[in-house]
Amino acid sequence: MEHRNRGRSRPGVAGVVLYCLLTASAQGTPYFVATNGLDNGANSGLSWASPYLTISNAVAHATNPGDEVNVSNGTYIISDTIVIANAITVQSTNGYPFTIVTASATSNRCFAVSNANAILRGFTITGANCGVRPSGGLYYNGCGVYLSGGLVTNCLIRNNIGINSYGVGSFM
């Protein structure tokens, strides 16, 4: 007996195609940061041959879900909090023993992560001071990392200082 499928698509194939389209993860744009990079517009930050100098500049460009900020080995001294408010990944290339983010004397907090799908991975985070903000007032919580959304993984958070603070290293 011959089975004819008149004018109908095969539900199995259509279902598989739809499933693949819906579950495929969007490939984001990779951005690159290195201690020999430039933030003055001369570098695009889109390759290791043309990296940005600062993590904050790469994070400012990584605005689409799935974008990645890849940070090379080195010590990065920051003067302002790096705010991760988009669904991006900020990661070191070789892990926390080799990639250090330290706050300068004028920075009170290293990272603030607020997006539920953001990931911060593989840094030593140090030197933050939850004292008086340059603009006045106090930072009370999360000197190294203030986490209100997202994930912090494989990071070493140490040697941060807090005055009247909760979660001097991190606060969730």
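How each quantity is defined
Residues numbered from 1 in each chain as written. Predicted model: local features only at pLDDT ≥ 70, side-chain atom pairs only at ≥ 80, totals over all residues. Heavy atoms only, no water. Pairing = 2+ DSSP bridges. Helix = DSSP H or I, 4+ residues; strand = E, 2+ residues; numbered from the N terminus. pLDDT = per-residue confidence, 0-100. Contact = heavy atoms within 4.5 Å. Buried < 20%, exposed > 50% of the residue type's maximum accessible area, 1.4 Å probe, protein only. Axes fitted to C-alpha atoms, helices over the stretch in contact; angles between N-to-C directions.

### A look at the sheet that holds strand 3 (residues 74–78)
For step 1, the next point in the chain: Pairing within the open sheet is parallel, and its 4 strands lie in the order 3-6-9-13. Each edge of the open sheet carries a strand with a single partner, namely strand 3 and strand 13 (156–157).
For step 2, the next point in the chain: Relative to strand 6 (residues 99–103), strand 3 is paired through 5 bridges, and the arrangement is parallel. Each bridged residue has a counterpart across the sheet, and for Tyr 76 the counterpart in strand 6 is Val 101.

### Remarks on the confidence of the model for the chain
For step 1, the next point in the chain: The share of residues in the chain with pLDDT of 70 or more is 69%, and the mean pLDDT across the chain is 79.
For step 2, the next point in the chain: Note on residues 7–25: pLDDT is under 50 here. Beyond four places in sequence and across chains, it has 2 contacts.
For step 3, the next point in the chain: Contacts of residues 165–172 to residues separated by more than four positions or lying in other chains number 32 contacts, the stretch itself having pLDDT below 50.

### Things to note about the pairing of strand 6
For step 1, the next point in the chain: The buried fraction of strand 6 amounts to 4 of the 5 residues, a majority that puts the element mostly inside the structure.
For step 2, the next point in the chain: Sheet analysis places strand 6 next to strand 9 (residues 124–126), joined by 3 bridges and oriented parallel. Within strand 9, the residue paired with Ile 100 across the bridge is Thr 124.

### Digging into the sheet that holds strand 12 (residues 151–153)
For step 1, the next point in the chain: Pairing within the open sheet is parallel, and its 5 strands lie in the order 1-2-5-8-12. Looking along the sheet, the strands with just one partner apiece sit at the ends: strand 1 (30–33) and strand 12. The average undirected angle you get between the axes of adjacent strands in this sheet is 15°.
For step 2, the next point in the chain: Strand direction decides the pairing type here: strand 8 (residues 119–121) and strand 12, joined by 3 bridges, are parallel. From the neighbouring strand, Ile 119 faces strand 12, where its bridge partner is Leu 151.

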